Amino acid sequence: MPHTEKTLETKEIFNGHVIRVTHDKVLLENGDTSYREVVHHHGGACVLALTDDDRVYMVRQYRYALAEEIWELPAGKLEAGEDPFEAAKRELAEECGVTAGRYTDLGCIYPTVGYDSEKIYIWAARDLTATGQHLDPDEFLDVVTLPFDKVLAMVMSGEIKDSKTVAAVLKYDLLRKEGKA
């Protein structure tokens, strides 16, 4: 039997530029009721861009919510109704100043399943062409290319903690070892 919960009531708590938060009353499968706080997010897109010599485009930027500077793959949020693949291509061009001739779908992850609806769609990109970076006015980051094996080591040591980056690197590494990437 599939597990499910039915929404009985929804109250909007907050509606901002990036997220919307609701407090929902739900009917549990045993007939009891409970409450859920849900962060609604349009989702995101992420790209593991690799040069011909297997260097990965990485960005280093300050993340206010964590109060630290972190390593991550180029990525960004989706606008309402935006195609995730188009968003991924846009973010790669904006943040790293490159476009790709070939993409491999690495799937979709749910980074925070307990209270957040965000889905992040991930691609690997090859056959890169420089186009020139064009960051948003409020975006400050450094772009660095690192050897794939160095990035993998940073994931395994815990230096890279960003979930979308960890998932993309580990999945790509497995596909690479299987000869599918």
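Anything mentioned here points back to the structure above.
Since we're looking at a predicted model, the values are computed, not measured.

Caption draft 1: The packing of aromatic side chains, seen in detail. Within the structure shown, the criterion is met by three aromatic pairs. Aromatic rings pair up to connect Phe85, Tyr103 and Trp123 into one cluster.

Caption draft 2: Seen up close, the sheet that holds strand β9 (residues 120–130). Spatial ordering of the open sheet is given by β7-β4-β9-β8, a layout of four strands whose pairing is mixed. The open sheet has two edge strands, β7 (75–77) and β8 (98–109), and neither has a second partner. Ignoring strand direction, the axes of neighbouring strands in this sheet form an average angle of 20 degrees. Pairing geometry for strand β4 (residues 44–49) and β7, over three bridges, is antiparallel. The partner of Ala45 across the bridge, within β7, is Gly76.

Caption draft 3: Up close: the nonpolar core. Leu48, Val56, Met58, Leu106 and Phe148 are the most contacted members of the largest nonpolar core, which totals 23 residues. For this core, the secondary structure elements donating two or more residues are β4, β5 (55–63), β9, α2 (148–157) and α3 (163–177). A per-element tally of this core places α2 first, with five residues. In contact with Met58, not counting residues within four places along its chain, are Trp71, Glu72, Leu73, Asp142, Val143, Val144, Leu146, Val151, Ile160 and Thr165. Formed by 16 residues, the second largest nonpolar core is a distinct cluster that contains Ala45, Leu78, Leu92 and Cys96.

Caption draft 4: Looking closely at the state of the cysteines. Going through the model one piece at a time under the given rule, you end up with zero disulfides. Note on Cys46: no disulfide assigned, nearest cysteine sulfur contributed by Cys96 at a separation of 10 Å.

Criteria and thresholds
Residues numbered from 1 in each chain as written. Predicted model: local features only at pLDDT ≥ 70, side-chain atom pairs only at ≥ 80, totals over all residues. Heavy atoms only, no water. Phe/Tyr/Trp six-rings, centres within 6.5 Å; stacked < 30°, edge-to-face > 60°. Pairing = 2+ DSSP bridges. Helix = DSSP H or I, 4+ residues; strand = E, 2+ residues; numbered from the N terminus. Axes fitted to C-alpha atoms, helices over the stretch in contact; angles between N-to-C directions. Core = buried A, V, L, I, M, F, W, Y, C linked by side-chain atoms within 4.5 Å. Buried < 20%, exposed > 50% of the residue type's maximum accessible area, 1.4 Å probe, protein only. Contact = heavy atoms within 4.5 Å. Disulfide = S-S within 2.5 Å.

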